[in-house]
Amino acid sequence: MTRGDWAMTTSVVPLLDLHDAPARFREQLLAGASWGAAELAGAEQCRELARRTELAASEFFAGDESEKAASVSPSGHRNRGWTSAADDDGRPVYDRLSIARFDDAAAASAGGVPAEYTGLYEHPNVWPSPELKALTERFRDSVVRTCEQLLARISEALGVKPDDLFAGAPDNTNITLTEYHPRTGLPAGDGNPLSFPEHKDRSLLSLLSESGEPGRLQIESLTGEWLTCRPDPARFVVLFGLTAEKRTGGLLRAGNHRVLPPRTGRRRSTSNFYFPHLATPTGSLFGEVAAERETVGQVLLAARGRSL
Ligand SMILES: O=C(O)CCC(=O)C(=O)O
Ligand SMILES: [Fe+2]
């Protein structure tokens, strides 16, 4: 392992195990709070569903161009249906399928999203096939249950009421299935184009799974060094998002991350963004930014026009 590799199961970055005793879980959480990221154990069934969903998405991406064209968002929304990116020379960088929590505004309303936020769902989901829809929805249910378990453990460790941290149903979790294409002929070292630029997620928590070429996801350390993630293939990477950072007054730092181009083969991933009920306040539970009155939904409405 070279310097800068994230040795996921060492003490460098915490291993959060859903089944750990409270004292151990708290110790790991606080050790990793400044990283904005952890490896997650205890969610193996969900991780297995992620693997199956990655493969099903990969088959879709490898399939007919006309099927993909038919799966583009009719209104051109970049977080719905199939999208792809290419580099300046027209070579493919990635294929993605982005799925929002509710299929459209009517489904959001029926699912309990308050009227003031249903505009976030005005661009409908586009599903390439009933099979991929059924599998992805089963996977998403499992992701939501896993995030709720994890948030219950985090609430316990921080000594806050679970409802204060994640305010229950309906969650507004969205999912992105991505396949990164290999990019050969790039010189070694920094300065190469990234397959996905550095950013922090807006979510409360994000669960990431990956398969294919490993070691392409990187997390920024507190000292600004980019560390390479090599998660155990049976585990998720958990990232704390900007909502977690705000809600905990910075105690859980949002993890800055990016994706390097695969060199030899493809890399598949699922990015699962857990958003709590949209009426959850974003202000800190610990008083540091208590003056903030915005809700999660208001932040999202302001940030992305009208859609998640
Ligand atoms: O593909 C990945 O592993 C991460 C992608 C990502 O950061 C995102 O979709 O927000
Ligand atoms: Fe991300």
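Residues numbered from 1 in each chain as written. Chains lettered and ligands numbered in written order. Predicted model: local features only at pLDDT ≥ 70, side-chain atom pairs only at ≥ 80, totals over all residues. Heavy atoms only, no water.

The condition is simple: UniProt positions are given in the numbering used here, feature names are shortened, and annotations may be inferred rather than shown by experiment.
For the protein chain, the name recorded in an unreviewed UniProt entry is 2OG-Fe(II) oxygenase family protein, with Amycolatopsis halotolerans as its organism. Of the protein chain, the UniProt comment under Sequence similarities (unreviewed entry) reads exactly: "Belongs to the iron/ascorbate-dependent oxidoreductase family." Here is the UniProt Pathway (unreviewed entry) comment for the protein chain, exactly as written: "Antibiotic biosynthesis."

1. Side note on the coordination of the iron ion (ligand 2)
The condition that has to hold: Water is not among the atoms examined, so metal sites may look incomplete; donors are the N, O and S atoms within 2.8 Å of the metal, or within 3.2 Å for Na, K and Ca. Under the scheme used here, helices are H or I runs from DSSP no shorter than 4 residues and strands are E runs no shorter than 2 residues, and both carry numbers assigned from the N terminus. Partly exposed describes any residue whose relative accessible area lies between the buried limit of under 20% and the exposed limit of over 50%, with all areas from a 1.4 Å probe on protein chains only and scaled to the type maximum.
Summarising the metal site, the iron ion (ligand 2) is bound by the protein donors His 199 (NE2), Asp 201 (OD) and His 257 (NE2), whose distances to it range over 2.1 to 2.2 Å. On the primary sequence, the residues serving as donors to the iron ion (ligand 2) are separated as H-x1-D-x55-H. Separated by 58 residues along the polypeptide, His 199 in strand S7 (residues 196-199) and His 257 in strand S12 (residues 257-259) bring together distant segments of the chain. Take His 199: its relative accessible area is 23%, and that puts it in the partly exposed class.

2. Notes on the site of ligand 1
The condition that has to hold: Residues are labelled near a given molecule or strand when at least one of their non-hydrogen atoms is within 4 Å of it. The definition of a polar contact used here is a pair of N or O atoms within 3.5 Å, where within protein one atom must be able to donate a hydrogen and the other to accept one, and adjacent residues in sequence count solely through side-chain atom pairs. Note that accessible areas follow from Shrake-Rupley with a 1.4 Å probe, and for residues the cover is restricted to the protein chains shown. For this classification, the nonpolar set comprises Ala, Val, Leu, Ile, Met, Phe, Trp, Tyr, Cys and Pro, the charged set comprises Asp, Glu, Lys and Arg, and every other residue, Gly included, is treated as polar.
Residues in contact with ligand 1, as listed here, are Arg 96, Tyr 180, Phe 196, His 199, Asp 201, His 257, Val 259, Arg 267, Ser 269, Ser 271 and Phe 273. Within the side chain of His 257, a nitrogen or oxygen atom sits 3.0 Å from an oxygen atom of ligand 1. Ser 269 is positioned such that a nitrogen or oxygen atom in its side chain is 2.8 Å from an oxygen atom of ligand 1. When isolated, ligand 1 has an accessible area of 290 Å², and the protein chains bury 97% of it. Put simply, the parts of the chain that give the shell around ligand 1 at least two residues each are S7, S12 and strand S13 (267-274). When residues in the shell around ligand 1 are grouped by element, the largest group, four residues, is from S13. Among the residues forming the shell around ligand 1, the class breakdown is four nonpolar, four polar and three charged.

3. Details of the sheet that holds strand S2 (residues 15-17)
Strands belonging to one sheet form pairs held by backbone hydrogen bonds; the direction of such a pair is parallel or antiparallel. What counts, and what does not: Any two strands with at least two DSSP bridges between them are considered paired. Every angle, taken between N-to-C directions, lies between 0 and 180 degrees, and every axis is a line fitted to C-alpha atoms, over only the stretch in contact when it is a helix.
The mixed open sheet is built from eight strands, whose spatial order is S2-S3-S11-S8-S13-S6-S5-S4. Taken across any chain shown, the strands that pair with only one partner, and hence form the sheet edges, are S2 and strand S4 (81-86). For this sheet, the mean inter-axis angle between neighbouring strands, taken without regard to orientation, is 25 degrees. The pairing of strand S6 (residues 174-180) with S13 spans seven bridges and is classified as antiparallel. Paired with Asn 174 across the bridge in S13 is Phe 273.

4. Focus on the pattern of salt bridges
Side chains that differ in charge, positive against negative, can pair when their charged atoms come close. Threshold: The term salt bridge refers to a pairing of a side-chain nitrogen on Lys or Arg with a carboxyl oxygen on Asp or Glu at a separation within 4 Å.
All chains considered together, the criterion is met by 20 salt bridges. With its nearest N and O atoms 3.0 Å apart, the salt bridge here joins Arg 91 to Asp 87. One salt bridge in this structure joins Asp 87 and Arg 183, with 3.1 Å as the shortest N-O distance. Of this pair, Asp 87 sits in the loop between S4 and strand S5 (92-99) while Arg 183 sits in the loop between S6 and S7, placing them 96 residues apart in sequence. It is possible to trace a salt-bridge network through shared partners that takes in Asp 87, Asp 89, Arg 91 and Arg 183.

5. Focus: the packing of helix H1 (residues 22-32) against helix H5 (residues 130-158)
Test applied: Orientation is classified from the angle alone, with under 35 degrees giving roughly parallel, over 145 giving roughly antiparallel, 65 to 115 giving roughly perpendicular, and any other angle giving oblique. The contact criterion used throughout is that any non-hydrogen atoms of two residues lie within 4.5 Å.
One can describe the packing of H1 onto H5 by two numbers: an axis separation of 9 Å at closest approach and a directional angle of 90 degrees. The orientation of H1 with respect to H5, classified from their angle, is roughly perpendicular. Between H1, through Pro 22, Phe 25, Arg 26, Leu 29 and Leu 30, and H5, the contact on the second element is made entirely by Leu 150, Arg 153, Ile 154, Glu 156, Ala 157 and Leu 158. Residue classes in the contact of H1 with H5 are distributed as eight nonpolar, no polar and three charged.

6. Side note on the environment of Ser 129
Note on placement: Ser 129 falls in the loop between helix H4 (105-110) and H5. Given a relative accessible area of 23%, Ser 129 falls into the partly exposed group. Counting along the chain gives 58 residues from Ser 129 to Ser 71, while the straight-line C-alpha distance between them is 9.3 Å.

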